[in-house]
Amino acid sequence: MFELKKLISTLLMPLPALLLIGFFGLFLIWFTQRKGFGSFFVFVSLLLIGLVSFQPISSSLLMGLERQHTRFLQPEEPVDYVMVLGHGHVVDDEIPPTSELSRVALMRLIEGIRIHFMYPTSQLILSGYDGGYEVSHARMLARVAMAMGVNKNNILLLETAKDTWEEAFQAASVVGDSNLVLVTSASHMPRALYEFQSAGLDPIPAPTNYMAQKEIQQPWIKYSPRAQYLEQFERFWHERLGQLWQRLRDKVALQEAVLQADPVTSPESAMPTPETDIEGIAPAN
């Protein structure tokens, strides 16, 4: 089910979907008599790719999601847990650990570490499954966190959570009634809060990885199609599809938390150096 959801969502992303429309138009032009109809599909494909790569359109749409919650403001009450939601990674021994994390994952982790250092007694929860690699995303995050000075004893890993729904319900089994700060991308925060509140938690939002800006002064940057603006629209579209999926899922069936007996692991007792192999972090006994 998870793989099918990911496949469908990938095909519904702006670039793959619009390219499929364009190629369908070319097929009609080359192999059928409906050349005018095919030309129309090619035109629509190119026009929409241009529009969603246009800053005034993509940034304005994404900002509506990103600015729903302000940056983290230090609350008066103590914080017990800081949870960083995973994103993506690769395993490549020829590059530094910080480059093995995706840009989004690294930005989330840095914000989580910053907040954790505000509350030295807090526990840093890192989540993410292996994604097809031999090492989980949570473990990769932990490797970088420890290299940046986080005490190994203050790190908890959720290594089997594949999506935000699973992350929320696994976190609920750990956090309970304690105060939790939730760190994720600003555009993802509304959907993440919905899942965590459904799991019975009331986290303090700590959005990061803001992508959309309106104060761009250079006209050659603001008014020319760019890949970064296409990425912004893709992020907006991804979150809207995710919210639609949440509504459909909740209408079809009641949520049932599938919790493992002990979903939490922790880094190995030995503190690795930044050069330590990834196997230097292992599940707790």
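Let me sum up the structure you'll find in this document. (Residues numbered from 1 in each chain as written. Predicted model: local features only at pLDDT ≥ 70, side-chain atom pairs only at ≥ 80, totals over all residues. Heavy atoms only, no water.)

### With respect to the packing of aromatic side chains
Okay, step 1: Under the defined criterion, the tally for this structure stands at 9 aromatic pairs.
Okay, step 2: Ring geometry for Phe 24 and Phe 41: centres 5.1 Å apart, planes at 85°, overall edge-to-face. A residue pair is termed long-range when its members are at least 10 positions apart, and Phe 24 in helix α2 (residues 14-31) and Phe 41 in helix α3 (residues 35-52) qualify at 17 residues.
Okay, step 3: Seen in terms of ring centroids, Phe 233 and Phe 236 are 6.0 Å apart; in terms of plane orientation they differ by 45°. Their pairing is tilted. (Phe/Tyr/Trp six-rings, centres within 6.5 Å; stacked < 30°, edge-to-face > 60°. Helix = DSSP H or I, 4+ residues; strand = E, 2+ residues; numbered from the N terminus.)

### Here we look at unusual backbone geometry
Okay, step 1: In this structure, Asn 209 takes a positive phi of about 55° despite not being glycine.
Okay, step 2: Locating Asn 209 in the fold gives a position in the loop between β5 (204-208) and α10 (219-222).

### Remarks on helix α9 (residues 189-198)
Okay, step 1: In terms of burial, α9 is a largely internal element, 7 of the 10 residues being buried.
Okay, step 2: When α9 is considered as a whole, its buried residues turn out to be Met 189, Pro 190, Arg 191, Ala 192, Leu 193, Glu 195 and Phe 196.
Okay, step 3: Residues of α9 that are buried make contact with α4 (55-66), β1 (81-84), α8 (164-175), β4 (180-185), β5 and α11 (227-252).
Okay, step 4: Positive backbone phi, approximately 95°, marks Gly 200, located one or two places after α9. (Buried < 20%, exposed > 50% of the residue type's maximum accessible area, 1.4 Å probe, protein only. Contact = heavy atoms within 4.5 Å.)

### Details of the nonpolar core
Okay, step 1: One finds Leu 109, Ile 115, Leu 124, Leu 126, Ala 145, Ile 155 and Val 181 to be the most contacted residues of the largest nonpolar core, which totals 27 residues.
Okay, step 2: Elements supplying a minimum of two residues to this core: β1, α6 (103-118), β2 (123-127), α7 (137-147), β3 (155-158), β4 and β5.
Okay, step 3: Sort the elements by how many residues they give to this core and α7 lands first, with 7 residues.
Okay, step 4: Discounting residues that sit within four places of it in the chain, Val 181 has contacts with Phe 72, Val 79, Tyr 81, Val 82, Met 83, Ile 115, Ile 204 and Ala 206.
Okay, step 5: With 19 residues, the next largest nonpolar core counts Ala 192, Leu 193, Phe 196 and Leu 201 among its residues. (Core = buried A, V, L, I, M, F, W, Y, C linked by side-chain atoms within 4.5 Å.)

### Looking at a nonpolar patch on the surface
Okay, step 1: Together, Leu 4, Leu 7, Ile 8, Leu 11, Leu 12, Leu 20 and Trp 237 make up a nonpolar patch on the protein surface, roughly 660 Å² of accessible area in all.
Okay, step 2: Sort the elements by how many residues they give to the nonpolar patch and helix α1 (residues 2-11) lands first, with 4 residues.
Okay, step 3: Its location among the elements puts Leu 20 in helix α2. (Patch = residues over 30% accessible without salt bridge, like charges linked within 9 Å, V, L, I, M, F, W, Y side chains within 5 Å. Areas by Shrake-Rupley, 256 points an atom, 1.4 Å probe, with all protein chains shown as cover. Salt bridge = Lys/Arg side-chain N within 4 Å of Asp/Glu carboxyl O.)

### Quick look at α2
Okay, step 1: With 18 residues, α2 should reach 26 Å at 1.5 Å per residue; the first-to-last C-alpha distance of 26 Å fits that figure.
Okay, step 2: Buried residues of α2: Pro 14, Leu 18, Gly 22, Gly 25 and Leu 28, and no others. Down the axis, α2 shows its buried residues gathered within 115° of arc, on one side only. Across α2 from its buried face, at more than 90 degrees, point the exposed residues Leu 20, Phe 23, Trp 30 and Phe 31.
Okay, step 3: In this fold, the buried residues of α2 make contact with α3 and α11. (Expected span 1.5 Å × (residues − 1). Arc of directions from axis to C-beta.)

### Some points on the environment of Ile 110
Okay, step 1: With respect to the helices and strands, the residue Ile 110 is situated in helix α6.
Okay, step 2: Using a relative accessible area of 42% as the deciding quantity, one classes Ile 110 as partly exposed.
Okay, step 3: Sequence separation of Ile 110 and Val 183 is 73 residues, and the distance between their C-alpha atoms is 9.8 Å.

### Here's the deal with the packing of α4 against α11
Okay, step 1: Orientation of α4 relative to α11, taken along the N-to-C sense of each, is 40°, at an axis distance of 8 Å. Relative to α11, α4 is oriented oblique. Along this stretch, α4 crosses α11, giving a crossing that reads as left-handed. For the pair formed by α4 and α11, the contact residues are Gln 55, Ser 58, Ser 59, Leu 61, Leu 62 and Leu 65 on the first element and Tyr 229, Gln 232, Phe 233, Arg 235, Phe 236, Glu 239, Arg 240 and Gln 243 on the second.
Okay, step 2: Here the residues of the contact of α4 with α11 sort into 6 nonpolar, 5 polar and 3 charged. (Axes fitted to C-alpha atoms, helices over the stretch in contact; angles between N-to-C directions. Parallel < 35°, antiparallel > 145°, perpendicular 65-115°, else oblique. Left-handed = near helix turned anticlockwise from the far one by under 90°. Nonpolar A, V, L, I, M, F, W, Y, C, P; charged D, E, K, R; others polar.)

### Observations regarding the packing of α2 against α3
Okay, step 1: Here α2 crosses α3 at 160°, and the two axes come no closer than 7 Å. In terms of orientation, α2 and α3 fall into the roughly antiparallel class. Our pair here, α2 against α3, has a crossing hand that is left-handed. In this structure, α2 uses Leu 15, Leu 18, Leu 19, Ile 21, Gly 22, Phe 24, Gly 25, Leu 26, Leu 28 and Ile 29 to contact α3, whose residues at the interface are Lys 35, Phe 37, Gly 38, Ser 39, Phe 41, Val 42, Ser 45, Leu 48 and Ile 49.
Okay, step 2: For the contact of α2 with α3, the residue count by class is 13 nonpolar, 5 polar and 1 charged.

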